[in-house]
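# Commentary on secondary and tertiary structure
Residues per chain, in single letters:
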Amino acid sequence: MVQKMNVESFNLDHTKVKAPYVRLAGVIQGKNGDIIHKYDIRLKQPNKEHMEMPALHSLEHLLAENVRNHLDHVVDLSPMGCQTGFYLAVINHDNYDEILAALEKTLQDVLNATEVPACNEVQCGWAASHSLEGAQELARELLTKKDEWKEIFVD
Ligand SMILES: [Zn+2]
């Protein structure tokens, strides 16, 4: 890439990755020594596939709510605008395998869910745009390919 961009993922060649994967996308240290690790959790192959909005939205609610039961130090979990994945940011936690283990447990929670948390007009900005079944389909697909999560780039 010719010009180095400010956003880490803008420097990532999206044609060279192989979804699904979980990639460490950045490490930032604060002045008091606290460290934030940001992960790129990619479900769909960039520019080939994407998640449909209602399914993505419900998966976001389910992941964001449940991941905090399995992992201390979660700062944020939020979707990518390209609808191919999510970002997970954690503070003062640097164990990649524990991140994968927490993700696996969280996806199991999604499969076991009977409703989408906070999908109402008080707690959400687009409460009509949800699909529990769609979210569960995405979670099932990602779990099925668990062996591939550590393989980020095409050979
Ligand atoms: Zn919402």
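Above this note sits the structure.
Residues numbered from 1 in each chain as written. Predicted model: local features only at pLDDT ≥ 70, side-chain atom pairs only at ≥ 80, totals over all residues. Heavy atoms only, no water.

## Considerations on the environment of Q29
Of note, Q29 is situated in strand β1 (residues 21-29). For Q29, a relative accessible area of 55% translates into the label exposed. Along the backbone, Q29 and M80 are 51 residues apart, and their C-alpha atoms lie at a distance of 23 Å. Looking at Q29, its side chain comes within polar contact range of the main-chain oxygen of G33, at 3.4 Å. (Helix = DSSP H or I, 4+ residues; strand = E, 2+ residues; numbered from the N terminus. Buried < 20%, exposed > 50% of the residue type's maximum accessible area, 1.4 Å probe, protein only. Polar contact = N/O pair within 3.5 Å; in protein donor to acceptor, adjacent residues only side chain to side chain.)

## Notes on the nonpolar core
Counting 33 residues, the largest nonpolar core has L43, L59, L71, F86, L88, L107 and W149 as the members making the most contacts within it. The element contributing the most residues to this core is helix α1 (residues 53-70), with seven residues. The contact partners of L107, leaving out residues within four places of it in the chain, are L63, A139, L142, L143 and W149. (Core = buried A, V, L, I, M, F, W, Y, C linked by side-chain atoms within 4.5 Å. Contact = heavy atoms within 4.5 Å.)

## A short note on the pairing of β1
As defined by bridge partners, β1 adjoins strand β2 (residues 35-42) across eight bridges and the pair is classed as antiparallel. Counterpart to G26 in the pairing with β2 is K38. Hairpin remark: β1 followed by β2, antiparallel, with five residues in the connecting loop; positive phi at G33, about 95 degrees. (Pairing = 2+ DSSP bridges.)

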